[in-house]
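Descriptive analysis of the structure
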Amino acid sequence: SSGINAEYGDNYLMFNNIDGVYTFAFKSERKENCLACSRASQKLTFAKSDPLQVMLDTIGSETGFNLRKPTLTTVVRGENRTLYMSNIPQMEEALRPNLTRSFGELELENEQEIVVTDPGVKMPVHFILTLT
């Protein structure tokens, strides 16, 4: 079988020539926050005094991304910073204290971008924090 993506990705044609000829065409729909087809940043709101653990709980259960073993990174004062890494035991142990530190203590600002990677998700997910 083969697929031909029409101009601008509005339509898709599938041709299947296994047992006879079967074709169908359909209009592709797109979910705005889909991990496969959108790189739009997701917005999350927290109090600046909330601990990082609140974000971990939120992205694991409430965002629809099911991020279970996330790594959280950001840029603070021009330097890359890993806030938490759960899939390497030594790194998880070293970064675990960050889970109880507040966003303010971690020097995170309003509109801060946090990039989350997870073994269960093929692409990084970008979150923009709104800190109140």
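Reference entry: report on the structure contained in this document. (Residues numbered from 1 in each chain as written. Predicted model: local features only at pLDDT ≥ 70, side-chain atom pairs only at ≥ 80, totals over all residues. Heavy atoms only, no water.)

1. A closer look at the overall build of the protein chain
The condition is simple: Think of it this way: any DSSP run of H or I at least four residues long counts as a helix, any run of E at least two long counts as a strand, and we number them from the N terminus. In this scheme, a residue with accessible area under 20% of its type's maximum is buried, one over 50% is exposed, and one in between is partly exposed, where area comes from a 1.4 Å probe on protein chains only. Whether two residues touch is decided by their heavy atoms; if any such pair falls within 4.5 Å, the residues are in contact.
The helix and strand tally for the protein chain stands at two helices and eight strands. Reading the protein chain from its N end, one meets helices and strands in the order β-β-β-β-α-β-β-α-β-β. Counting over 132 residues, the protein chain shows a buried share of 31%. A separation threshold of at least 6 residues defines the contact pool for the protein chain, and within that pool the share at least 24 residues apart is 47%.

2. A look at unusual backbone geometry
Backbone geometry at Arg-77 places phi at a positive 50°, although glycine is not the residue there. With respect to the element layout, Arg-77 can be found in the loop between strand E5 (71-76) and strand E6 (79-85). Despite not being glycine, Glu-111 shows a phi value in the positive range, around 70°. The residue Glu-111 is located in the loop between helix H2 (89-95) and strand E7 (113-118) in this model.

3. Observations regarding the sheet that holds strand E4 (residues 42-46)
For clarity, the cut-off: Think of it this way: DSSP has to see at least two bridges between two strands before they count as a pair. The axes used here are C-alpha line fits, helices contributing only the stretch in contact, and every angle between their N-to-C directions lies in the interval 0 to 180 degrees.
Strand order in the open sheet made by the five strands is E4-E8-E7-E5-E6, with mixed pairing throughout. Each edge of the sheet is formed by a strand with only one pairing partner; in this case those strands are E4 and E6. Looking at each pair of strands side by side, their axes are set apart by 30° on average, direction ignored. Pairing of E7 with strand E8 (residues 121-131), which is carried by five bridges, proceeds in the antiparallel orientation. Paired with Val-115 across the bridge in E8 is His-126.

4. Details of the pairing of E7
Regular strands show a simple pattern: their side chains alternate between the two faces of the sheet. Pairing geometry for E5 and E7, over three bridges, is antiparallel. Across the sheet, the residue bridging to Thr-73 is Val-115, located in E7. Hairpin connection, E7 to E8: the antiparallel pair is bridged by two residues.

5. Describing helix H1 (residues 52-61)
When H1 is considered as a whole, its buried residues turn out to be Leu-52, Met-55, Leu-56, Thr-58, Ile-59 and Gly-60. Of the surrounding elements, those touching the buried residues of H1 are E4, E5, E6, E7 and E8.

6. Topic: the side chain of Asn-98
With respect to the element layout, Asn-98 can be found in the loop between H2 and E7. In this structure, Asn-98 is in contact with Leu-52, Thr-82, Leu-83 and Leu-106, ignoring residues within four places of it in sequence.

7. Things to note about the pattern of salt bridges
The following threshold applies: Whenever a carboxyl oxygen of Asp or Glu lies within 4 Å of a side-chain nitrogen of Lys or Arg, that contact is scored as a salt bridge.
A complete count under the given rule lists four salt bridges for this structure. In this structure, the salt-bridge partner of Lys-48 is Glu-109, at a minimum N-O distance of 3.6 Å. With Lys-48 in the loop between E4 and H1 and Glu-109 in the loop between H2 and E7, this pair connects stretches of sequence that are 61 residues apart. Using a relative accessible area of 32% as the deciding quantity, one classes Lys-48 as partly exposed. For Glu-109, a relative accessible area of 44% translates into the label partly exposed. As a salt-bridge pair, Arg-96 and Glu-92 come within 2.5 Å of each other at their nearest N and O atoms. We classify Arg-96 as partly exposed; its relative accessible area is 44%. Judged by relative accessible area, which is 13%, Glu-92 ranks as buried. Salt bridges linked by common partners bring Arg-77, Arg-81 and Glu-107 together as one network.

Honestly, that's just the spatial picture; any functional story needs more than this.
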